[in-house]
Amino acid sequence: MSVFEQELSREISRRKSAKGAVASVVDEYYAKRAEASKNEEEMRSKLREIKEKSIADMDGLVKRAKASFERNGIKVIIAKDAGEALKAIGGAIGSDKQIVKSKSNTCKEIGLEALEREGREITETDTGDFVVKLVGEQGIHQVIPAMHLTPGQIAEAMGKKMKKKIPADPEKITHELAGYLREKIKGAEVGITGANVLTASGEIVLIENEGNISLVSRIPKKHIVVAGIEKIVPTLDDAMHVVRCATLWGTGRPWPVYLSVISGPSSTGDIENELVKGAQGAYDVTLVLIDNGRSRLQKESPEMLYCINCGACNNLCPAYRQVLGFFGARYPGPKGIVYAALEGQGKQNYLCNVCSNCEFSCPAGISLPEYIRKARGKLKMETDSEMIKKIREFGNPFGKVEKGKIPDKLYCC
Ligand code: SF4
């Protein structure tokens, strides 16, 4: 067997076992979800209502949220794009070097790792994201990024990093990793998190099952929150509904294991009634609100901003389950295919078979397939006009034909 054949056969068996793992995770998810909720339709329509209202008034909510957070002692920076966001985060980090972070799709979107220079160390504390980075792969799911990796693969990569033998056992791997990450969090000066939802009344809401987000946001002296402006809803009641939906559609459970509501830096007035910042939690809190194309999306494709990142659209997607999330722009899965289409990456959207399972699965009822259809229509128009132009110029749709050479583009009508 050639080296190529050996590698191919290894890759095929890896994908087979990964697909099996994904199938069992998804089956378990549906069983839990059915048990956890009897009123999904009601929850969906309320979520849709909250998101429609919030996205229609996105600018107004940003202004109100900024004023509320600042009143509560949280610094707010509004970043137009990824570059501005990185500059703002870098400024908030200052000369501190030890940084821990929790899983955040927004941090991925802006390429936070660009700040890992000048001696800074940014440690990921989410088990799945840490493991994916360690193995040198990319996350395949918004909520369970490492679900395609086997315990054997993870134990091997961790063994190399920690220079000791790690048994290929999920419990032992998790405990080993938790100990390692706890030490990193204890020594960190800055904690960076995302936010699941923000309110115009000045609350940052974070949900998690592992407990790392609470530690990252409380133990270091500085907490930097990085979130898209579409995450703001008017009230804490609205936010709690988003939390319920994100948890149910994301994990199949009714509530997350941990729920944090942060409305200001840690403080106490216990000594002589003088308010002092910094008791046990972070005493310096900065919120970086990111636009990065969201204002444009609000006008062109507002529904895409209704997304609460639960990842449910992946679960019934036949393409996702075959390609295992290694497609799409910004996010894996159907939502990523739509972003790829919106960002002009034409080929990606032909991975979708427009079955509409994603729309059916989405708690916000986003018509993802409709975006794909529109993108294909646009692509077809561009291709048609290119072919017509070439037929006029060269008498054929391929352009200049040279004997023995395959044209760069082959079209099919
Ligand atoms: S598009 Fe819908 S199902 Fe997919 S991640 Fe967003 S909210 Fe969840």
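Residues numbered from 1 in each chain as written. Predicted model: local features only at pLDDT ≥ 70, side-chain atom pairs only at ≥ 80, totals over all residues.

**Topic: the overall build of the protein**
Item 1. Looking only at helices and strands, one finds 16 helices and 12 strands in the protein.
Item 2. Taking 413 residues into account, the globule formula puts the C-alpha radius of gyration at 22 Å, and the protein, at 23 Å, falls close to it.
Item 3. Expressed along its principal axes, the backbone C-alpha trace of the protein runs to roughly 90 × 55 × 50 Å.
Item 4. Across the 413 residues of the protein, 38% fall into the buried class.
Item 5. When contacts within the protein are restricted to residue pairs at least 6 apart in sequence, those whose partners lie at least 24 apart make up 66%. (Helix = DSSP H or I, 4+ residues; strand = E, 2+ residues; numbered from the N terminus. Rg over C-alpha atoms; globule rule 2.2 N^0.38 Å. Buried ≥ 20, exposed ≤ 12 C-beta atoms within 10 Å, placed from the backbone. Contact = placed C-beta atoms within 7 Å.)

**Quick look at the packing of helix α2 (residues 40-56) against helix α10 (residues 236-251)**
Item 1. For the pair α2 and α10, the least separation of the axes is 10 Å and the interaxial angle reads 130 degrees. Classified by the interaxial angle, the pair formed by α2 and α10 is oblique. Helix-helix and strand crossings are classified by hand; for α2 and α10 the assignment is left-handed. Only Asp 238, His 241, Val 242, Arg 244 and Cys 245 of α10 make contact with α2, whose side of the interface consists of Met 43, Lys 46, Leu 47 and Ile 50. (Axes fitted to C-alpha atoms, helices over the stretch in contact; angles between N-to-C directions. Parallel < 35°, antiparallel > 145°, perpendicular 65-115°, else oblique. Left-handed = near helix turned anticlockwise from the far one by under 90°.)

**Examining the sheet that holds strand β1 (residues 75-79)**
Item 1. Spatially, the six strands line up as an open sheet ordered β1-β12-β7-β4-β2-β3, and their pairing is parallel. Either end of the sheet is taken by a strand with one partner, and the two such strands are β1 and β3 (121-124). Averaged over all pairs of adjacent strands, the angle between their axes in this sheet comes to 20 degrees, without regard to strand direction.
Item 2. In this sheet, strand β12 (residues 284-290) lies alongside strand β7 (residues 222-228) in parallel orientation, the contact comprising seven bridges. Along β12, the bridge assignment pairs Gly 228 with Ile 290.
Item 3. Sitting on the sheet, helix α3 (residues 58-71) touches β1 and β12, and the angle it makes with β1 is about 155 degrees. (Pairing = 2+ DSSP bridges.)

**Topic: the nonpolar core**
Item 1. In this structure, Val 226, Val 242, Val 288, Ile 290 and Val 338 are the most contacted members of the largest nonpolar core, which totals 96 residues.
Item 2. Broken down by element, the residue count for this core peaks at seven residues, all from α10.
Item 3. Shared between two domains, this core takes at least three residues from each, and those domains are domain 1 (13-299) and domain 2 (311-394).
Item 4. The contacts of Val 242, once residues within four sequence positions are left out, are Leu 47, Ile 50, Asn 196, Val 197, Val 233 and Ile 308. (Core = buried A, V, L, I, M, F, W, Y, C linked by C-beta atoms within 7 Å. Domains from an automatic or database assignment.)

**Digging into the domain arrangement of the protein**
Item 1. As assigned here, the protein comprises domain 1 (13-299) and domain 2 (311-394).
Item 2. Going through the elements one at a time, α1 (3-36), α2, α5 (105-110) and α10 are the ones with two or more residues in the side of domain 1 that touches domain 2.
Item 3. Residue contributions to the side of domain 1 that touches domain 2 peak at six residues, all from α1.
Item 4. Residues of the side of domain 1 that touches domain 2, tallied by class, amount to 10 nonpolar, six polar and six charged. (Nonpolar A, V, L, I, M, F, W, Y, C, P; charged D, E, K, R; others polar.)

**Thoughts on the pairing of strand β4 (residues 190-193)**
Item 1. Covered by surrounding structure in β4 are Val 190 and Ile 192 together with Gly 191 and Thr 193, the residues of both alternating faces.
Item 2. Sheet topology places strand β2 (residues 98-101) next to β4; three bridges connect them, and they run parallel. Along β4, the bridge assignment pairs Val 100 with Gly 191.
Item 3. One ladder, built from four bridges, connects β4 with β7; its direction is parallel. Counterpart to Val 190 in the pairing with β7 is Lys 222.

**A closer look at α3**
Item 1. The end-to-end C-alpha distance of α3 is 20 Å, a good match for the 20 Å that 14 residues give at a rise of 1.5 Å each.
Item 2. Regarding α3, the residues found buried are Leu 61, Val 62, Ala 65 and Phe 69. Relative to the axis of α3, the buried residues are bounded by an arc of 100 degrees and lie together on one face. Facing away from the buried side of α3, by more than 90 degrees, are the exposed residues Asp 59, Lys 63 and Arg 71.
Item 3. Looking at the buried residues of α3, the elements they touch are α2, β1, β5 (197-199), β8 (232-233) and β12.
Item 4. One or two positions beyond α3, positive phi appears at Gly 73, with a value near 95 degrees. (Expected span 1.5 Å × (residues − 1). Arc of directions from axis to C-beta.)

**Thoughts on the environment of Gly 281**
Item 1. Note that Gly 281 resides in the loop between β11 (276-277) and β12.
Item 2. Residues Gly 281 and Thr 251 lie 30 residues apart in sequence; the distance between their C-alpha atoms is 28 Å.
Item 3. If sequence neighbours within four positions are ignored, Gly 281 has contacts with Arg 218 and Ser 266.

**Digging into the environment of Trp 255**
Item 1. Its place among the elements puts Trp 255 in the loop between α10 and β9 (258-262).
Item 2. For Trp 255, a count of 14 C-beta atoms within 10 Å corresponds to the partly exposed category.
Item 3. Placed 47 residues apart in sequence, Trp 255 and Glu 208 show a C-alpha to C-alpha distance of 9.6 Å.

**Focus: the sheet that holds β8**
Item 1. Read across the open sheet, the four strands follow the order β8-β5-β6-β9; overall the sheet is mixed. Each having just a single partner strand, β8 and β9 make up the two edges of the open sheet.
Item 2. Relative to β9, strand β6 (residues 204-208) runs antiparallel, the two sharing five bridges. Within the sheet, the bridge partner assigned to Val 205 lies in β9 and is Val 261.

**Looking at the environment of Val 143**
Item 1. The residue Val 143 is located in the loop between α6 (127-135) and α7 (151-162) in this model.
Item 2. Take Val 143: there are 22 C-beta atoms within 10 Å of it, and that puts it in the buried class.
Item 3. Residues Val 143 and Gly 250, 107 residues apart in the sequence, show an inter-C-alpha distance of 6.6 Å.
Item 4. In this structure Val 143 touches Gly 250, Thr 251, Cys 310 and Gly 311, once residues within four positions along its chain are discounted.

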